[in-house]
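Below, each chain spelled out in residue letters.
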Amino acid sequence: TAHGSVAAVDLGASGGRVMLGHVGEHELRLETVARFENEPVRTPDGLHWNILELYRRLREGVAEAAIRAPGLLSVGIDSWAVDYGLLRAGTLLGVPYHYRDSRTADGVRDVHAVAGPEELYRHNGLQHLPFNTLFQLAADRRTGLLDVADRVLLLPDLLAYWLTGVQVAERTNASTTGLLDPGGAWNQALMEQLDLDRSLFPTLVSPGDTIGETDAHDEHRIRVTAAGSHDTASAVAAVPAAEESFAYISCGTWSLVGVELDEPVLSEESRAAGFTNELGVDGRIRYLHNVTGLWLLSESVAHWRRSDPTVELSTLLAQAADVPPGRVPVFDTDDERFLPPGDMPTRIAAWLSERDLPVPGTRAEFVRCILESLADAYARTITTAEKLTGRSVPVVHVVGGGSRNTLLCRLTAERTGRPVIAGPVEATATGNVLVQARAAGLIHGGLDELRSLVRRTQNLKTHLPS
Ligand code: LFR
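Residues numbered from 1 in each chain as written. Predicted model: local features only at pLDDT ≥ 70, side-chain atom pairs only at ≥ 80, totals over all residues.

- The name an unreviewed UniProt entry gives the chain is Rhamnulokinase family protein, with Prauserella alba as the organism.
- One UniProt comment on the chain, placed under Sequence similarities (unreviewed entry), says "Belongs to the FGGY kinase family." (UniProt positions renumbered as here; feature names shortened; annotations may be inferred.)

## Notes on the overall build of the chain
Point 1. If you tally the helices and strands in the chain, you get 17 helices and 20 strands.
Point 2. In terms of overall size, the chain behaves like a compact globule, its C-alpha atoms giving a radius of gyration of 21 Å where 466 residues would be expected to give roughly 23 Å.
Point 3. Principal-axis analysis of the C-alpha atoms places the extent of the chain at approximately 60 × 55 × 50 Å.
Point 4. Here the chain holds 466 residues, and the buried ones make up 52% of them.
Point 5. When contacts within the chain are restricted to residue pairs at least 6 apart in sequence, those whose partners lie at least 24 apart make up 74%. (Helix = DSSP H or I, 4+ residues; strand = E, 2+ residues; numbered from the N terminus. Rg over C-alpha atoms; globule rule 2.2 N^0.38 Å. Buried ≥ 20, exposed ≤ 12 C-beta atoms within 10 Å, placed from the backbone. Contact = placed C-beta atoms within 7 Å.)

## Quick word on the site of the ligand
Point 1. Close to the ligand lie Trp80, Ala81, Val82, Tyr99, His230, Asp231, Thr232, Gly252, Thr253, Trp254, Leu256 and Asn290, which account for all nearby residues.
Point 2. In the shell around the ligand, the residues fall into six nonpolar, five polar and one charged. (Near = placed C-beta within 6 Å. Nonpolar A, V, L, I, M, F, W, Y, C, P; charged D, E, K, R; others polar.)

## Brief notes about the packing of helix α12 (residues 313–321) against helix α14 (residues 363–389)
Point 1. Contact pair α12 / α14: the axes reach a minimum separation of 8 Å and the direction vectors enclose 75°. Taken together, the axes of α12 and α14 lie roughly perpendicular to each other. Note on element contacts: α14 touches α12 through Arg363, Ala364, Val367, Arg368 and Leu371, opposite Leu316, Leu317, Gln319 and Ala320. (Axes fitted to C-alpha atoms, helices over the stretch in contact; angles between N-to-C directions. Parallel < 35°, antiparallel > 145°, perpendicular 65-115°, else oblique.)

## Points about the confidence of the model for the chain
Caution applies to low-pLDDT parts of the model: their predicted coordinates are not meant to be read in detail.
Point 1. Averaged over all residues, the pLDDT of the chain is 97; the fraction at 70 or higher stands at 100%.
Point 2. Interface scoring of the predicted complex returns ipTM 0.98; its pTM is 0.98. (pLDDT = per-residue confidence, 0-100.)

## Things to note about unusual backbone geometry
Point 1. In this chain, Gly423 is followed by Pro424 through a cis amide linkage whose omega measures 0°.
Point 2. With respect to the helices and strands, Pro424 occurs in the loop between β19 (420–422) and α16 (427–439).
Point 3. The residue Asp195 is not glycine, and still its phi comes out positive at about 60°.
Point 4. When the 10 C-beta atoms within 10 Å are taken as the criterion, Asp195 is described as exposed.
Point 5. At Asp282, a residue that is not glycine, the phi angle is positive and equals roughly 60°.
Point 6. With respect to the helices and strands, the residue Asp282 is situated in the loop between β16 (276–279) and β17 (285–292).
Point 7. Using a count of 17 C-beta atoms within 10 Å as the deciding quantity, one classes Asp282 as partly exposed.

## Topic: the nonpolar core
Point 1. Within the largest apolar cluster, 139 residues are counted, with the highest numbers of intra-cluster contacts made by Ala7, Val9, Val62, Ala237 and Tyr378.
Point 2. Ranked by the residues each element gives to this core, the list is headed by α14, at twelve residues.
Point 3. Among residues more than four places away in sequence, those in contact with Ala7 are Val18, Leu20, Val62, Ala65, Leu72 and Val75. (Core = buried A, V, L, I, M, F, W, Y, C linked by C-beta atoms within 7 Å.)

## A short note on the UniProt feature "domain: Carbohydrate kinase FGGY C-terminal" (unreviewed entry) in the chain
Point 1. Within the UniProt annotation, "domain: Carbohydrate kinase FGGY C-terminal" (unreviewed entry) is assigned to residues 247–440.
Point 2. Along residues 247–440 one finds 46% helix and 16% strand; the C-alpha atoms at either end are 30 Å apart.

## With respect to the sheet that holds strand β12 (residues 210–214)
Point 1. Taken together, the six strands give an open sheet; going across it, the order is β3-β2-β1-β6-β13-β12, and neighbouring strands pair in mixed fashion. The sheet is open, and its two borders are formed by β3 (27–37) and β12, each paired with just one other strand. Each strand axis lies, on average, 25° off the axis of its neighbour in the sheet, ignoring direction.
Point 2. In this structure, strand β2 (residues 15–24) lies alongside β3, joined through ten bridges in antiparallel fashion. The partner of Gly24 across the bridge, within β3, is Glu27. (Pairing = 2+ DSSP bridges.)

## Looking at α16
Point 1. Here α16 is 13 residues long and its end C-alpha atoms lie 18 Å apart, about the 18 Å a rise of 1.5 Å per residue gives.
Point 2. Burial within α16 is extensive, with 13 of its 13 residues counted as buried. (Expected span 1.5 Å × (residues − 1).)

## Quick look at the environment of Arg142
Point 1. Position of Arg142 among the secondary structure elements: in helix α4 (residues 133–143).
Point 2. Placed 35 residues apart in sequence, Arg142 and Gly107 show a C-alpha to C-alpha distance of 8.1 Å.

Structure representation (structure tokens):
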């Protein structure tokens, strides 16, 4: 049977990695080739991604992957969603914005003046998040930037364009723009309504399609394959579920909590509950809610470290595990005040004080309060998903970096009252690898088969509710 290697480039909000996936019918082994920081840069006009640095690291990583795995079959890129570059005649115009930049507030106002939240939901089935691409584009119209552009490329598509010279829009990520209809085609009616030129948006491709070839490693040209280029789509494809019905939590900077469906749910209740219908690998619907994730924790630690460089997350987590149950209150992690970077402990304390709830007294208690609040949000989201979809989910899969957080997994098992199966940690890179490996003919079958391979080869840990 066939064996071979592909390379996954996975860019997260705090760091990127290039991983080799060595794949065969009974083999799935990931090897880290490169890891690098992803540090946003603030300029007077706002918060940006350092996209050229990311591209440089990506090329270096891909070249190294090609050296380590001679005959490398393919490269695929995924990243967080919604952000993009504006181009004219193939040249990037300006530095892409970070979705946590505050310029989007005006964009939301402008779009809602034309199409209200209910109408938008019927068009695109997305949870309202102020940074969804259509709101960012409206902000770019205010500054006049959009008038100059003749193309919008989502970040993984921009990087793939730089590698190959070919411009496409990968479907899972395009589904986060707000400009795709739930069936997966560009929504021309909505574009017209919002006065967006259809030609700004390139041809759609699906995960597994070939985008082009790259010379990132000069010895031989390497195929660039569309992965599920939205990181969450790749992560969900790698959920090692054996169950017919399951909930997943893709747990990193964000926690994406939901279920997988064949058809979207576009009801008014669903909109009001903040559920999104994003497109997954193989045409599935990722029916989920964006819960503010470990961002709360990483920003808190970054804040404490500014005054005390000895602060260590691992120490705080150990202390937080010893905080007695019921000692700290929970807060609403969805509150929009937690979106921009900054001093999270003070914002959490303010949220609690406004409601006369006790403010944690120590850093460990803050950490416990954050994790309890996340677990509480997960439990509420899963119950709501069950109600809105009419199915019951007996098991919760936690994938991504957060699956390593034992305390969080334990609290999630307690608050959901269900077994939590944790792992794989590198779910996104794994899903990226699987889609490429299937396109290259190394493995076969649908999502069930891909998931079964993950289950048979990766380290998983079960946390039972007491
Ligand atoms: C997770 C993620 C979420 C998306 C958020 C912003 O990394 O891709 O799915 O809502 O980042 O792009």
